[in-house]
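Topology and contacts: notes
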Amino acid sequence: MELIPLHPGKYRDYPIDVHYTTDRVYAVKTSPWGFSLELTVLPQPEEHRFSGTLFSSWLEDPLAFGLREDGELLGIVEGSMESWHQLFRISNIFVQPEHRGKGLGSILLKKMIAYARDLPYCRGVVLETQTCNYPAICLYRKHGFRLCSIDTHAYSNHDIETHEVRIDLFLE
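Residues numbered from 1 in each chain as written. Predicted model: local features only at pLDDT ≥ 70, side-chain atom pairs only at ≥ 80, totals over all residues. Heavy atoms only, no water.

Our next topic: the nonpolar core. Among the nonpolar cores identified, the biggest contains 27 residues, and Phe88, Ile90, Leu109, Tyr140 and Phe145 are the most heavily contacted of them. Breaking this core down by element, the ones donating at least two residues are β4 (63–69), β5 (72–82), β6 (87–95), α2 (104–117), β7 (124–130), α3 (134–142) and β9 (166–171). A total of 6 residues in this core trace back to one element, the largest contributor, which is α2. For Ile90, the contacting residues outside a window of four places in its chain are Val77, Glu78, Gly79, Leu109, Met112, Val125, Val126, Leu127, Glu128 and Phe145. (Core = buried A, V, L, I, M, F, W, Y, C linked by side-chain atoms within 4.5 Å. Buried < 20%, exposed > 50% of the residue type's maximum accessible area, 1.4 Å probe, protein only. Helix = DSSP H or I, 4+ residues; strand = E, 2+ residues; numbered from the N terminus. Contact = heavy atoms within 4.5 Å.)

So, on to the layout of surface pockets. Estimated volume of the largest pocket: approximately 1000 Å³. Together, 43 residues line the largest pocket, and Val18, Ile93, Asn133, Ala136 and Tyr140 are the ones closest to its centre. The greatest single-element share of the lining of the largest pocket, amounting to 7 residues, is contributed by β6. (1 Å grid on protein atoms, 1.4 Å probe; cavity = no way out; pocket = protein on both sides within 12 Å on 5 of 7 lines; lining within 4 Å. Points joined across faces, edges and corners; volume = space filled by probe spheres on them.)

Burial of β5 is extensive: 10 of the 11 residues sit out of reach of the surface. In terms of strand pairing, β4 meets β5 through 7 bridges, oriented antiparallel. Bridge pairing links Leu67 to Gly75 in β5. Counted between consecutive antiparallel strands, the loop separating β4 from β5 contains 2 residues, among which Asp70 sits at a positive phi close to 50 degrees. Linking two consecutive strands that pair antiparallel, namely β5 and β6, is a turn of 4 residues; a positive phi of about 60 degrees is found at Gln86 within it. (Pairing = 2+ DSSP bridges.)

By themselves these figures say nothing about function.
Put into structure tokens, the structure is as follows:
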């Protein structure tokens, strides 16, 4: 297995079909001036799916790495420096379902964190996930990320009910 840079000329608009199953979520409770998160076991596992592409135009000078074995991309990580607030954003991380649980996500995450820490003026690393993506949250917490923001209406007016509340996690 090798960790390789993914060049924009070859991988621009490379499709990412993210899907995962979770048996727990962080339920968001609101009050007039606050939030709380409560880990909740679901009555039955839920499958979630969304798609995206690499090297999207909204990213500021993005870069990506992939884990490749026998010509197959097993996982990818993408990120870019956001100069307006001096944070490095991990915009995508994905491991093929049949290769999950083998430490590949950690390899990819560590590579991008090391890259970001070598950048001048980088205050930290930030990434976005959803309160329903318990597997990803576990990975990020394992590597020291902590909650820095909650957006209860990022995707729809029903994010709390669907357990898809946007959360941003930060690593100094």
